[in-house]
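Chain and residue survey
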Amino acid sequence: MDRRSADLPSQMPPPSWKWRLTEQMLPYLDKVFDWVCRRGQSSAHHPEVAAILRRTRPRTDISDHLLTLFTEGLAARPRLIVELGVRGGESTYVLERVARLSGGVPLVSVDLEDCTGACRYPNWFFVKSDDVALAQTFPEWCRERQLPAAVDLLFIDTSHLYDHTLQEIKHWFPLLSPSAKVVFHDTNLRRIYWRKDGSFGPAWTNRGVTAAIEACLGVSLPERTDYVDLIGEWMIRHNALSNGLTVLTRIPTLNADAEAGAN
Ligand SMILES: C[S@@+](CC[C@H](N)C(=O)[O-])C[C@H]1O[C@@H](n2cnc3c(N)ncnc32)[C@H](O)[C@@H]1O
């Protein structure tokens, strides 16, 4: 463990009374925000985009990122999508639409809890398991179901703990296709998170996900601000709002460019 990760939490703290009170107050505050704030785009020509816009209306910690997940996911032109962490199915809702619009490709979701009710997409595979354990048998698991061997779009939204995220990277990244995209939520976790309309919600202070990405890429990352960068073979785009969303797109020619520069 390096110096920066030594003081990261090893589990999520139990919610304090202030946290619980804030959570109870937020629906009322959100009504005030709906009243005084303009919420940006509210309609779209395409019914799936319109559906996602409707899904973003109830404010959550991921509502600001659903359209980005959709557009980034679609642009990846995936043949196999894997989602780590389902819970209420916000990201599943979006990834299902990405899968459908990509030609009905398989979507594999994994969670420790039973989330079988989260999605009705016919090509959805839900696995109730530890995600790192699934990665270890994934090639065989895919072969048995005649699914593609490589993951084109990987969405990671689970424990947000440093050690676990490192394990996810270690075991899932070797299963990625040459031009895969990886989307991490909660890369800017702090006590209070802000959305683009100025509303906010309670969270917890933990830079475990970002510290794990840093350990993988060998760089430090400024997660408090939006940024774009090229690191090794990865194009990286980060949005700091709403607990942070970081998108890594693998571009194999970037590596060749870096090697040519080194020679
Ligand atoms: C933040 S929630 C996911 C939210 C979901 N992506 C959404 O947009 O609604 C985190 C989920 O990760 C799951 N989880 C935590 N650790 C896990 C692990 N080791 N393997 C699989 N799932 C895990 C939890 O059970 C929980 O349902």
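Everything here concerns the structure above.
Report on the accompanying structure. Within each chain, residue numbers correspond to sequence positions counted from 1 in written order. Note on the predicted model: pLDDT of at least 70 is required for a residue's local features to be given, and 80 or more for side-chain atom pairs to be given and counted; whole-chain, interface and lining totals, by contrast, use all residues.

1. A word on the packing of helix H6 (residues 162–172) against helix H7 (residues 208–217)
To keep things clear, this is the line we draw: Helix axes are fitted to C-alpha atoms over the stretch in contact, other axes to C-alpha atoms as well, and angles between N-to-C directions run from 0 to 180 degrees. For helices the rule is a DSSP run of H or I covering at least 4 residues; for strands it is a run of E covering at least 2, with both sets numbered from the N terminus onward. Here the angle decides the label: under 35 degrees means roughly parallel, over 145 means roughly antiparallel, 65 to 115 means roughly perpendicular, and every other value means oblique. Each crossing gets its handedness from the near helix: less than a right angle anticlockwise from the far helix is left-handed, clockwise is right-handed. By definition, residue pairs are in contact when their C-beta atoms, positioned from the backbone, come within 7 Å. Throughout, the ten residues Ala, Val, Leu, Ile, Met, Phe, Trp, Tyr, Cys and Pro are labelled nonpolar, Asp, Glu, Lys and Arg are labelled charged, and all others, Gly among them, are labelled polar.
Where H6 contacts H7, the two axes come as close as 8 Å, and the packing angle between them is 45°. Relative to H7, the element H6 is oriented oblique. Regarding H6 and H7, the two cross each other, and that crossing is right-handed. Note on element contacts: H7 touches H6 through Gly208, Val209, Ala211, Ala212, Ala215 and Cys216, opposite Tyr162, Thr165, Leu166 and Ile169. Grouping the constituent residues of the contact of H6 with H7 by class yields eight nonpolar, two polar and no charged.

2. Section: the site of the ligand
Cut-off, in case you're wondering: Using a C-beta atom placed from the backbone, a residue is described as near a molecule or strand when that atom lies within 6 Å of it.
Taken together, 18 residues lie near the ligand, and Gly85, Arg87, Glu90, Ser91 and Asp131 sit nearest. Elements with a minimum of two residues in the shell around the ligand: helix H4 (90–101) and strand E2 (107–111). Grouping the constituent residues of the shell around the ligand by class yields four nonpolar, seven polar and seven charged.

3. Focus: the environment of aspartate 226
Worth spelling out the cut-off: Counting other C-beta atoms within 10 Å of its own, a residue is labelled buried from 20 upward, exposed at 12 or fewer, and partly exposed in the gap between, with every C-beta atom placed from the backbone.
Within the fold, aspartate 226 resides in the loop between H7 and strand E8 (227–231). Looking at aspartate 226, the number of C-beta atoms within 10 Å reads 13, which means it is partly exposed.

4. Comments concerning the packing of helix H3 (residues 66–75) against H4
Packing of H3 against H4 brings their axes to within 9 Å, and their N-to-C directions diverge by 30°. In this view, H3 runs roughly parallel relative to H4, as classed from their interaxial angle. Handedness of the crossing formed by H3 with H4: right-handed. Residues Leu66, Leu69, Phe70, Gly73 and Leu74 of H3 lie in contact with H4, whose contacting residues are Glu90, Ser91, Val94, Leu95, Arg97, Val98 and Leu101.

5. Section: the nonpolar core
Heads up, the rule is: Under the definition applied here, buried Ala, Val, Leu, Ile, Met, Phe, Trp, Tyr and Cys residues are grouped into a nonpolar core through C-beta atoms within 7 Å.
Grouped together as the largest cluster of nonpolar side chains are 43 residues, with contacts concentrated most on Ile81, Leu154 and Phe155. Considering each element in turn, this core owes the most residues, five residues, to strand E4 (residues 151–156). Sequence-distant contacts of leucine 154, defined by excluding residues within four places in its chain, comprise Val82, Trp172, Leu176, Ala180 and Val182.

6. What about unusual backbone geometry?
In the Ramachandran plot, histidine 160 falls in the positive-phi region, its phi being about 70° despite a non-glycine side chain. For histidine 160, the position within the fold is in the loop between E4 and H6. Accessibility expressed as a C-beta count within 10 Å gives 26 for histidine 160, which makes it buried. Phi at serine 242 takes a positive value of approximately 50°, unusual for a residue other than glycine. Residue position: serine 242 is located in the loop between strand E9 (234–239) and strand E10 (245–250).

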